[in-house]
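Overview (structure and organization)
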Number of protein chains: 2
Amino acid sequence: MPVGTPGGRATIDDVAAAAGVSRAAVSKVLRGAYGVSDAMQERVKGAIEELDYRPRVSARAMRGSTFTVGVMIPHFGNQFFADVVDGAMAELRETSYQLILAPVDADHRRALEALYDRQVDGIVAISPLVAPDWLAALARKVPVVELGRHDRSDRYDTIVGDDAAGTALVMDHLLARGHRRVAHLTHIDGVRQSLGSTPHGIRRSGYEQAMTAAGLAGEIAVVEGRFEEEAAWRAMGVALDGGLAPTAVFAGNDDAALGVLRAIAERGLSTTDISVAGYDDARLASHPAIRLTSVNQDGREMGRRSAALLIERIGGRAEPVHEVLAPRLVVRDSTGRSAGEPADRPERTET
Amino acid sequence: MPVGTPGGRATIDDVAAAAGVSRAAVSKVLRGAYGVSDAMQERVKGAIEELDYRPRVSARAMRGSTFTVGVMIPHFGNQFFADVVDGAMAELRETSYQLILAPVDADHRRALEALYDRQVDGIVAISPLVAPDWLAALARKVPVVELGRHDRSDRYDTIVGDDAAGTALVMDHLLARGHRRVAHLTHIDGVRQSLGSTPHGIRRSGYEQAMTAAGLAGEIAVVEGRFEEEAAWRAMGVALDGGLAPTAVFAGNDDAALGVLRAIAERGLSTTDISVAGYDDARLASHPAIRLTSVNQDGREMGRRSAALLIERIGGRAEPVHEVLAPRLVVRDSTGRSAGEPADRPERTET
DNA sequence: ACGTTCCTGTAGATCGTTCTACGAATGGGA
DNA sequence: TCCCATTCGTAGAACGATCTACAGGAACGT
């Protein structure tokens, strides 16, 4: 955009007038449609350049599509979600689709509606708390791909990590190390029956099952916080001060794990006293100052894949696709470095 | 949105038909305009509810405004930027404006154009690399508030931290601790003369000035990376392996500082060997596992303030506003914990 | 010379809102 | 009874693109 027109915005009519052709002709050139001579092409492109003309998406939206894809993530600053966005962006790079994000402020549905109101051609969302039938209704009007939902609607596609398997990996690891007083930090939402269908719900019940199966039902201790560093830190602090004394904590995600680590460190303890494991394997987990055991989910790949599915949906696919990705445990020092073991030994992976 | 209309999307005409009134009447009710009886109000609202009608933003955009504010940040996953978005969202919460984000993929201008094409009513952007006159041209067509630009256009408002002052705080601190071989990790962009006007440019030249003023011109060592953990880690690693042996590193932001810390730790060193300071004072900097000395800029407040300025601009203000925020140094263990000093002493702040 | 075909370009309807200008009641005062 | 205000509601023209249907002309074959 060179220094543009002085007053308002140039329209397709301005371009047509400047090039001495009809409005329809300009539209043809813009869309690369059939029936345009080289001479006209030339003149129109010149006029577009000169007037610094850019078609309005809103006007286009009135007929047909916006070539815009909406992405909704519940929280910025979460590395995993950022990776998802990155992946989706990479997938869309070579297409004519532009990506926009709707930030979430408490109500997930409002963000989805905001995208819908703006007539995006499709939506990629991480909104595990939204009711299935509400989502199905939305998906009837605009293609939707959901990340992290365990329900299987035939109206929207889903991509989800196998949270039960991931949780089992973590719990097996901790229990194998001899831990008995294992606590869990969960994300508490306003919704009731989300236990079986949300990632945090499944991680929580997976924890409880694993404890029960190991004969440790009596040791089950769930700390209710949120999957953000600060909230988790606060909740963990309260729990510790209230007498909770676990030897290991399974935090529902890495941000929460960071909060747990903070709470522990503030009380003069370290991961040799209380082991900590997280979930997501955000980049920071591998940082030498953190060395957090975590469950790897490839956010970038998930984002990429979800964008690809969405494009298929926009292209007309009607049959639902549901993909489940296998998680991978990455063991680091935050759990069970035995005394004397070197701190910088290579990471180990279990699938 | 209850389970909605079966086929396409309900329009204002559908609502009018259902309520047995004219299209104009429905529009009046929607906008809360004058000249509506209670009875009609009632009927129309009923029909809207029943049909699950939501006005299309695109159609509204054809006449007047979209009540949408666009935000552009260069990079997700950066805590500081996330705070900015959070602040802007908080400021807009009670207004009728909705916020959308455009993610950036290499070209900052493309993201800004994407927002412009979608006819947002105003733009908040962090795009220090975009040329001033290009930005001025954009700002002539849509209100723009820029964060982190040191130029003062009278077409767009700016909010910026005093990077020169912040840099001086860091450098004074490091030099006062007796460091002489202080290196700097900068962000390298494709643009030439950005030295004097971008935050990273000013931080870099501030570093060079401070070194020169201290008679250490010969010790100046600038490592060129990017302000992301991974890129900074890589660049620092190369530099260290290439023989660079500083006693302190001033990283241009906190993400970069994390990368520096990683590179150092990987080589068997710690912050007692090489002090590290960052910039932004992201939440993570205060984490007990990191304890990074940094320069605090209140991202949330900046975001809040920029949204407020934007609303003023949209409301018609023409005179430019340029605000400069004073930074504050937060000293933590990553710089100069003297041997024997306890690790958990309270943080100190210098302004 | 005439008809057919192909290639370019145009007219004009259309999408879903907003909003001005106007018409139809109603009620009150004279 | 008539007139004028006031109130409530409607008709219809925008807004800026897309895209179908069509018109005009050139090229070609007979």
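Our subject is the structure that appears above.
Quick caveat: nothing in here was measured; it's all calculated off a predicted structure.

Observations concerning the interface of chain B and chain A
Counting from both sides, the interface comprises 60 residues of chain B and, opposite them, 60 residues of chain A. Taken over both partners, the interface formed by chain B and chain A buries close to 5600 Å², and the fraction arising from carbon and sulfur atoms is 55%. In this structure, the salt-bridge partner of Asp-117 of chain A is Arg-54 of chain B, at a minimum N-O distance of 2.6 Å. Here chain B and chain A share 27 residue pairs in polar contact (both at pLDDT 80 or more) between them. Those elements that provide at least two residues to the side of chain B that touches chain A are α4 (57-62), α5 (79-92), β2 (98-103), α6 (108-117), α7 (132-141), α10 (229-241) and α11 (254-266) of chain B. Within the side of chain B that touches chain A, the residues separate by chemical class into 33 nonpolar, 10 polar and 17 charged.

A closer look at the relation of the copies chain B and chain A
Of the two same-sequence chains, chain B is brought onto chain A (RMSD 0.1 Å, axial shift 0.1 Å) by a rotation of 180°. Here the transformation between the copies is reduced to the relation of a two-fold axis.

Focus: the sheet that holds strand β8 (residues 248-251) of chain A
All names here are of chain A. Overall, parallel pairing links the 4 strands, which are arranged β7-β6-β8-β9 in an open sheet. This sheet does not close on itself; its edge strands, each paired only once, are β7 (221-225) and β9 (275-277). Across this sheet, the average inter-strand angle for adjacent strands is 20°, counted without regard to direction. Helix α10 (residues 229-241) rests against β6 (182-187), β7 and β8 of the sheet, and its axis sits at about 140° to β7.

Things to note about the sheet that holds strand β9 (residues 275-277) of chain B
All names here are of chain B. In space, the 4 strands of this open sheet follow the order β7-β6-β8-β9, with parallel pairing throughout. Edge strands, defined here as strands with exactly one partner in the open sheet, are β7 (221-225) and β9. Averaged over all neighbouring strand pairs, the angle between strand axes comes to 20°, with direction disregarded. One ladder, built from 4 bridges, connects strand β6 (residues 182-187) with strand β8 (residues 248-251); its direction is parallel. Looking across to β8, one finds that Val-182 is bridged to Ala-248. Contacts from α10 reach β6, β7 and β8, with the element oriented near 140° to β7. Against the sheet, α11 contacts β6, β8 and β9, and its axis sits at roughly 165° relative to β9.

Quick look at the side chain of Ser-306 of chain B
All names here are of chain B. Mapped onto the secondary structure, Ser-306 falls in helix α12 (residues 299-314). Taking relative accessible area as the criterion, Ser-306 reaches 0% and is therefore assigned buried. Ignoring any residue separated from it by four or fewer positions in sequence, one finds Ser-306 in contact with Val-124, Val-145, Leu-147 and Ile-159.

What about the pairing of β2 of chain B?
Counting buried residues along β2 of chain B, 6 of its 6 residues qualify, which places the element largely inside the surrounding structure. Crossover strand β1 (residues 68-73) of chain B to β2 of chain B through α5 of chain B is right-handed.

A few points about the protein's contact with DNA strand D
Close contacts around DNA strand D come from 26 residues, with Ile-12, Ser-27, Arg-56 and Arg-60 of chain A together with Ser-22 of chain B the closest. When the atoms of DNA strand D within 4 Å of the protein are sorted by group, sugar and phosphate make up 56%. Contact between DNA strand D and Arg-60 of chain A: a phosphate oxygen at 2.7 Å from a side-chain N or O atom of the residue. Those elements that place two or more of their residues in the surface near DNA strand D are α2 (23-31) and α4 (57-62) of chain A together with α2 (23-31) of chain B.

Overview of the packing of helix α6 (residues 108-117) of chain A against helix α7 (residues 132-141) of chain A
All names here are of chain A. One way to put it is that α6 packs onto α7 with a least axis distance of 12 Å and a crossing angle of 10°. With respect to each other, α6 and α7 are oriented roughly parallel. Seen from α6, the contacting residues are Arg-109, Leu-112, Glu-113 and Tyr-116; seen from α7, they are Trp-134, Leu-135, Leu-138 and Lys-141. Of the residues assigned to the contact of α6 with α7, the class counts are 5 nonpolar, no polar and 3 charged.

Some points on the environment of Pro-288 of chain A
Position of Pro-288 of chain A relative to the elements: it lies in the loop between β9 and β10 (294-296). C-alpha of Pro-288 of chain A to C-alpha of Tyr-156 of chain A: the two residues are 132 residues apart in sequence and 40 Å apart in space. Not counting residues within four places of it along the chain, the set of residues in contact with Pro-288 of chain A comprises Arg-262 and Ala-265 of chain B.

Section: the protein's contact with DNA strand C
The local shell around DNA strand C holds 26 residues, among which Ser-22 and Arg-63 of chain A together with Ile-12, Ser-27 and Arg-60 of chain B are the closest. One nitrogen or oxygen atom from the side chain of Arg-23 of chain A is found 3.3 Å from a base nitrogen belonging to DNA strand C. Interatomic distance of 3.1 Å between a side-chain N/O atom of Arg-23 of chain B and a base oxygen of DNA strand C. Elements with a minimum of two residues in the surface near DNA strand C: α2 of chain A together with α2 and α4 of chain B.

Quick look at the packing of helix α1 (residues 12-19) of chain A against helix α3 (residues 38-51) of chain A
Residues and elements named next belong to chain A. Axis separation between α1 and α3 bottoms out at 9 Å; the angle between their running directions is 125°. The angle between α1 and α3 falls in the class oblique. The handedness of the crossing between α1 and α3 comes out as right-handed. Facing α1, whose interface residues are Asp-14, Val-15, Ala-18 and Ala-19, α3 presents Arg-43, Val-44, Ala-47, Ile-48 and Leu-51. Among the residues forming the contact of α1 with α3, the class breakdown is 7 nonpolar, no polar and 2 charged.

With respect to the packing of aromatic side chains
Inspection of every chain in the model, using the stated rule, returns 5 aromatic pairs over all chains. Look at Phe-67 of chain A and Tyr-97 of chain A: their rings are 5.4 Å apart centre to centre, the planes differ by 45°, and that puts the pair in the tilted class. Of this pair, Phe-67 of chain A sits in the loop between α4 and β1 (68-72) while Tyr-97 of chain A sits in the loop between α5 (79-92) and β2 (98-102), and the two are 30 residues apart along the sequence. The exposure class assigned to Phe-67 of chain A is partly exposed, which follows from its relative accessible area of 34%. Residue class for Tyr-97 of chain A comes out buried when judged on its relative accessible area of 15%. The positively charged end of Arg-9 of chain A is found above the aromatic ring belonging to Tyr-116 of chain B, 3.7 Å away from the centroid.

The rules behind each value
Throughout, a residue's number is its position along its own chain's written sequence, starting from 1. For this description, chains carry letters from A and ligands carry numbers from 1, given in the order in which they are written. Per-residue local features are limited, in this predicted model, to residues with pLDDT of at least 70; the limit for side-chain atom pairs, both in listing and counting, is 80 or more; totals at the level of whole chains, interfaces and linings are taken over all residues. Values reported for side chains reflect all heavy atoms of the structure, with hydrogen atoms and water molecules removed beforehand. The contact definition used throughout considers only heavy atoms, calling two residues in contact when any of these lie within 4.5 Å. Reported buried area values correspond to the accessible surface (1.4 Å probe) lost by two parts on association, with both partners' losses combined. Salt bridges are counted wherever a side-chain nitrogen of Lys or Arg sits within 4 Å of a carboxyl oxygen of Asp or Glu. Pairing of N or O atoms within 3.5 Å defines a polar contact, subject to two protein rules: one partner must be a possible hydrogen donor and the other a possible acceptor, and residues neighboring in sequence count only if both atoms are side-chain atoms. Numbering of helices and strands runs from the N terminus, with a helix taken as a DSSP run of H or I at least four residues long and a strand as a DSSP run of E at least two residues long. Under the scheme applied, nonpolar residues are Ala, Val, Leu, Ile, Met, Phe, Trp, Tyr, Cys and Pro; charged residues are Asp, Glu, Lys and Arg; polar residues are all the others, including Gly. Fitting of the copies onto one another was done by least squares over C-alpha atoms, counting residues only where both copies have pLDDT of at least 70. A pair of strands is treated as paired once DSSP finds two or more bridges between them. To get an axis, fit a line to the C-alpha atoms, keeping to the stretch in contact for a helix; angles then go from 0 to 180 degrees between the N-to-C directions. Throughout, exposure labels follow a simple rule: accessible area from a 1.4 Å probe, protein chains only, divided by the maximum for the residue type, with under 20% read as buried, over 50% as exposed, and the rest as partly exposed. Orient the strands so they point away from the viewer, and a crossover whose first-strand-to-second-strand path over the helix runs clockwise is right-handed. The rule for a residue being near a molecule or strand is that one of its heavy atoms must lie within 4 Å of it. Small angles under 35 degrees read as roughly parallel and large ones over 145 as roughly antiparallel, with 65 to 115 read as roughly perpendicular and the rest as oblique. Less than a right angle of anticlockwise turn of the near helix away from the far helix marks a crossing as left-handed, whereas a clockwise turn marks it as right-handed. Aromatic contacts are taken between Phe, Tyr and Trp rings whose centres are within 6.5 Å, Trp giving its six-membered ring; a plane angle under 30 degrees counts as stacked, one over 60 as edge-to-face, and the others as tilted. In this scheme, the term charge over a ring applies when either NZ of a lysine or CZ of an arginine sits within 6 Å of the ring centre and within 35 degrees of the ring normal.

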